[in-house]
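Overview (structure and organization)
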Amino acid sequence: MKIVVCIKQVPATNDAKIDPETKRIIREGLKAILNPFDTYALEEAIQLRDQFGGEVIALSMGPPKAEAVLREAISLGVDSAILLSDRAYGGSDTWATSYALSRAIDTIGGVDLVLCGKQAVDGDTAQVGPGIAAHLDWMQATYVMAVDEVQDAGMTVKRMHEDGYDVCEVPFPAVMTVVKGINTPRVPTLKGRLASLKIDIPVWKPADIGADVERLGLDGSPTRVVKTQPPPPRSSSTKRIEGSPEECANALLHELRLRSIV
Amino acid sequence: MITLTDIERSAYKNVWVVAEVLAGNIEAVTHELLGAARELADARGSEVWAVVMGSGVTEQAGSLAAFGADRVVVVDDPQLTDFVDEVEAEVLVRLIEKHKPEILICGATTRGRALIPRVAVITNCGLTADCTGLAIDSDTGDLLQTRPAFGGNIMATIRCSNHRPQMATVRPRVMAAPDAQEGRQAEIITEPLNQNDTRQLKKILEVFHSDETAVNLADADVIVAGGRGVKGREGFDLLRQLAARLGGAVGASRAAVDAGWIPYAHQVGQTGQTVQTKVYIACGISGQIQHLVGMQSSDLIIAIDKDPDTPLMQMADVAVVGDLFEIVPELIRAIPKL
Ligand SMILES: Cc1cc2nc3c(=O)[nH]c(=O)nc-3n(C[C@H](O)[C@H](O)[C@H](O)COP(=O)(O)OP(=O)(O)OC[C@H]3O[C@@H](n4cnc5c(N)ncnc54)[C@H](O)[C@@H]3O)c2cc1C
Ligand SMILES: Nc1ncnc2c1ncn2[C@@H]1O[C@H](COP(=O)(O)O)[C@@H](O)[C@H]1O
């Protein structure tokens, strides 16, 4: 099985600021980490390879320093890594990002399965996975919580929904996005760490993936961020309740009554 | 990027709501979206259309008139019984090309967030995820789409000027559902499923709807959530009783999920679900940032903790200092039975 895992480098903190001029995230000064959801995609890919053979390729689009998450993927046990990095990719929205990633997947060739995280914790869109599937005209399974069976022609997976789950048979080639419950990610081995220092990570430019530059970056993105602002503040005062359990319960009941909950 | 000229754009009219159909039933989020769509359509001087895809849904589709739909497009076919993203995407793309809506909105549910990104890519349109605010720009007539990013720490307003339709998924429970106007009529437009729509038909082998309503965090008015302070499975049984008494759902911190006390589907936070409910009652959750980003937009936040100084006890609207194992049973006793 040939598996590509799409991974993204995201800012570590949850209080990142946006530059009011450029409307872009100010990434300077924030520690960058591997998107938490992508660790589950990597783990799933490695487990599938170890069980059924084949190879795992980690793919990321981002600035040169995004290489760090690809090295982290190598240290966990993926076979190779590719970085899409070029000014032309900068400012891409989910349409343009999924276009670039799909071009790279097509260039790699012979891919059976693409794994993504459920969503990236910076943009929180969950749109890139299904976007890649649409660009490639492949089938998709999102919010995958378990892989039940792997056959030659496809996989049987459980998709998580708000109200339960469903079980579906998805033929290869396919794109899947995974949620946290699917596995427990491993930690890097010493051997892996050493390998990650040595490996050569190729950087692919738009020409290398046969991408139309008009469809990349800010100019290739249909959406525009026109304004960013802090969310409306919460009421600053906290009502403190102390006393016997009964007094506390009665005070709480009062609050719930005020909101017509009881 | 393929952009449309002014003349091409002006051919796109009306506001579409893609209905959320679950096991043959039209879900409440559809009514909420119809309320939002009405305001947008009024601002644009256009109509509200609902699109209903499913099996055996024709009769129910008519009921959407009462919530403000002027026309309802119904695609009723046994092959739409289960949720197959690829098929619904083909159908929607075909309907969009035929009827040219100006705006298309859909619930930001697991189904909506799987389906609409596919449609947006195929139709060369932008898409804004998980919106909490929609408005029409009075100067340009464009849709202004507001959404939280970075776990709710930033609100971004997004515009999509050069492409039609303008598409957004909208978070459930944010828009108010209008009161049903009995007797209001809508034109029903029946569209068949085409052969090409089902060229990518993946097989759905089984559908499991949890009868434990306690998991459905997205639809709950009240969430009773527990963390490490709940100590174990028995503690969550207590929270379930409280949630049941309040007609709510049960949430959990990652620590409680990781301890195996409750399944992952209940996890609230950065690596779980984002919820926006009327009342969030956190029991024995300290409230690390990764948890807070998943629930901070709730209307009323109540925290019960022995430790008065945790981050959650600081940010809560109501902070109850005490032992949850003493307070929660008292509260259950105090709430009048329905
Ligand atoms: C990448 C990443 C992603 C994460 N994603 C999430 C996420 O999605 N969701 C999430 O929740 N966390 C997430 N976390 C974990 C988060 O940082 C915290 O570790 C976790 O939320 C702590 O859970 P807790 O509040 O239940 O436990 P604790 O921090 O241990 O808090 C337990 C609380 O219970 C109180 N208590 C104990 N006994 C009682 C009693 N009898 N009565 C009343 N109060 C009592 C204690 O005083 C304490 O405040 C993530 C972390 C990382 C690194
Ligand atoms: N720049 C990127 N490079 C590689 N993968 C990405 C990138 N952006 C998003 N992804 C993948 O798409 C998933 C969903 O991201 P998003 O749609 O941004 O929430 C992530 O978990 C990654 O697997």
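Residues numbered from 1 in each chain as written. Chains lettered and ligands numbered in written order. Predicted model: local features only at pLDDT ≥ 70, side-chain atom pairs only at ≥ 80, totals over all residues. Heavy atoms only, no water.

1. Overview of the domain arrangement of chain B
Residues and elements named next belong to chain B.
- Considered domain by domain, chain B is made up of domain 1 (6-198) and domain 2 (212-334).
- Here the C-alpha centroids of domain 1 and domain 2 sit 33 Å apart.
- Counting residues at the interface gives nine residues for domain 1 and eight residues for domain 2.
- Both faces considered, domain 1 and domain 2 share a buried interface measuring about 710 Å² in area, 36% of it formed by carbon and sulfur atoms.
- Ranking the residues of domain 1 by area buried against domain 2 places Gly151, Arg171 and Arg173 at the top, with a combined share of 66%.
- Remark: the boundary between domain 1 and domain 2 carries one salt bridge.
- Applying the counting rule to domain 1 against domain 2 returns four residue pairs in polar contact (both at pLDDT 80 or more).
- Grouping the amino acids of the side of domain 1 that touches domain 2 by side-chain chemistry returns two nonpolar, four polar and three charged. (Domains from an automatic or database assignment. Contact = heavy atoms within 4.5 Å. Buried area = accessible area lost by both parts, 1.4 Å probe. Salt bridge = Lys/Arg side-chain N within 4 Å of Asp/Glu carboxyl O. Polar contact = N/O pair within 3.5 Å; in protein donor to acceptor, adjacent residues only side chain to side chain. Nonpolar A, V, L, I, M, F, W, Y, C, P; charged D, E, K, R; others polar.)

2. Re the interface of chain B and chain A
- The interface is formed by 91 residues belonging to chain B together with 84 residues belonging to chain A.
- Overall, the association of chain B and chain A removes approximately 7,500 Å² of surface from exposure, summing both partners, and the carbon and sulfur fraction of that is 57%.
- Taken together, the connections running from chain B to chain A amount to six salt bridges.
- Salt-bridge contacts for Asp163(A) lead to Arg111(B); the nearest nitrogen and oxygen are separated by 3.3 Å.
- Where chain B touches chain A, the interface holds 40 residue pairs in polar contact (both at pLDDT 80 or more).
- When its residues are assigned to classes, the side of chain B that touches chain A shows 52 nonpolar, 22 polar and 17 charged.
- Sheet analysis places strand 12 (residues 224-229) of chain A next to strand 10 (residues 154-159) of chain B, joined by five bridges and oriented antiparallel. Pairing of Lys227(A) across the sheet is with Thr157(B), part of strand 10 of chain B. (Pairing = 2+ DSSP bridges. Helix = DSSP H or I, 4+ residues; strand = E, 2+ residues; numbered from the N terminus.)

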